[in-house]
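# Tertiary structure, described
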Amino acid sequence: MPAAATALTIALPSALFRRHPASSPLPPPLPIVSARPAILAARSPALNRMRISCQVAISTDVSSSLSPSVAEEEAEALAKVGRRVRVKVPLRVHHVLKAPELDLNGMEGEIKQYVGLWKGKRISANLPFKVEFHVAVDGQPKPVKFFAHLKDDEFEYLPCSD
């Protein structure tokens, strides 16, 4: 049985394994764009096309100029970072191990980061403001520091003391 399969694969014409039929010519090679043209020119045209494709994919600048609305949003967000805020809605967090079921309502904190923009692009962050809080816990000499992500309507800005 294996001998018949081997005979069948040997009997296949080599034209079936070609990428392009012999009658159609290969497309002309793309121009060589490289700091090392002598090395690339020594390769076959198929390798040159593959090399150019890789260079284009790697060298394409994804971080194009920011649109005006994203730039404005980024400027507004940077102005909010560092401001003191007070939570104005009942909000419980469960991720603070030393203070389980902590209610943030009325607590004051500082905005540390705006995560609605990432690498100059707008992302869909449900809770875009990262706020740092400090809470005094019994048995701890220093207050426990933790972060919570909040929406803009969950806190109010405190007047600047500067």
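Predicted model only: the values in this text are computed from it and were never measured.

### Brief notes about the overall build of the protein
Counting its secondary structure elements, the protein contains 4 helices and 9 strands. Taken from the N to the C terminus, the helices and strands of the protein come in the order α-α-α-α-β-β-β-β-β-β-β-β-β. A burial count over the protein gives 22% of its 162 residues as buried. Across the protein, every contact between residues at least 6 apart in sequence was considered, and the portion connecting residues at least 24 apart equals 46%. Accessible surface computed for the protein: about 12,100 Å², of which carbon and sulfur atoms make up 60%.

### Details of the packing of aromatic side chains
Scanning the entire structure with this criterion turns up 4 aromatic pairs. Seen from their ring centres, F155 and Y157 are 5.4 Å apart, and the 85 degrees between their planes marks the pair as edge-to-face. Residue classification places Y157 among the partly exposed positions, given a relative accessible area of 27%. Among the aromatic residues, ring-to-ring pairing joins Y114, F129, F155 and Y157 into one connected group.

### A look at the pairing of strand β4 (residues 108-114)
In this structure, strand β1 (residues 84-87) lies alongside β4, joined through 3 bridges in antiparallel fashion. The residue bridging V85 from the neighbouring strand is G109, located in β4. Both β4 and strand β7 (residues 129-135) contribute to a ladder of 5 bridges, which runs antiparallel. Looking across to β7, one finds that Q113 is bridged to K130.

### Description of the sheet that holds strand β9 (residues 155-157)
What the 5 strands build is an open sheet, ordered β8-β7-β4-β1-β9; its pairing is antiparallel. At either end of the open sheet lies a strand with only one pairing partner, and these are β8 (144-150) and β9. For this sheet, the mean angle separating the axes of adjacent strands, direction not counted, is 40 degrees. Sheet topology note: the β7/β8 ladder contains 7 bridges and is antiparallel. Bridging from a neighbouring strand, V131 pairs with A148 of β8.

### A closer look at the side chain of E154
Within the fold, E154 resides in the loop between β8 and β9. Despite its burial, E154 pairs with no opposite charge, the nearest such side chain being K151 at 4.5 Å. Within polar-contact distance, the side chain of E154 engages the backbone nitrogen of K151 at 3.0 Å. Residues contacting E154, with those up to four places away along its chain left out, are R86, V87, K88, V89, L91 and L127.

### Considering the nonpolar core
Within the largest apolar cluster, 24 residues are counted, with the highest numbers of intra-cluster contacts made by L102, L104, F133 and F146. Contributing elements (two or more residues each) for this core: α4 (68-80), β1, β4, β7 and β8. Those residues in contact with F133 that lie beyond four places of it in its chain are V87, L104, M107, E108, G109, V144, K145, F146, A148 and L150.

The rules behind these values
- Residues numbered from 1 in each chain as written.
- Predicted model: local features only at pLDDT ≥ 70, side-chain atom pairs only at ≥ 80, totals over all residues.
- Heavy atoms only, no water.
- Helix = DSSP H or I, 4+ residues; strand = E, 2+ residues; numbered from the N terminus.
- Buried < 20%, exposed > 50% of the residue type's maximum accessible area, 1.4 Å probe, protein only.
- Contact = heavy atoms within 4.5 Å.
- Areas by Shrake-Rupley, 256 points an atom, 1.4 Å probe, with all protein chains shown as cover.
- Phe/Tyr/Trp six-rings, centres within 6.5 Å; stacked < 30°, edge-to-face > 60°.
- Pairing = 2+ DSSP bridges.
- Axes fitted to C-alpha atoms, helices over the stretch in contact; angles between N-to-C directions.
- Lys, Arg positive; Asp, Glu negative; His and termini not counted.
- Salt bridge = Lys/Arg side-chain N within 4 Å of Asp/Glu carboxyl O.
- Polar contact = N/O pair within 3.5 Å; in protein donor to acceptor, adjacent residues only side chain to side chain.
- Core = buried A, V, L, I, M, F, W, Y, C linked by side-chain atoms within 4.5 Å.

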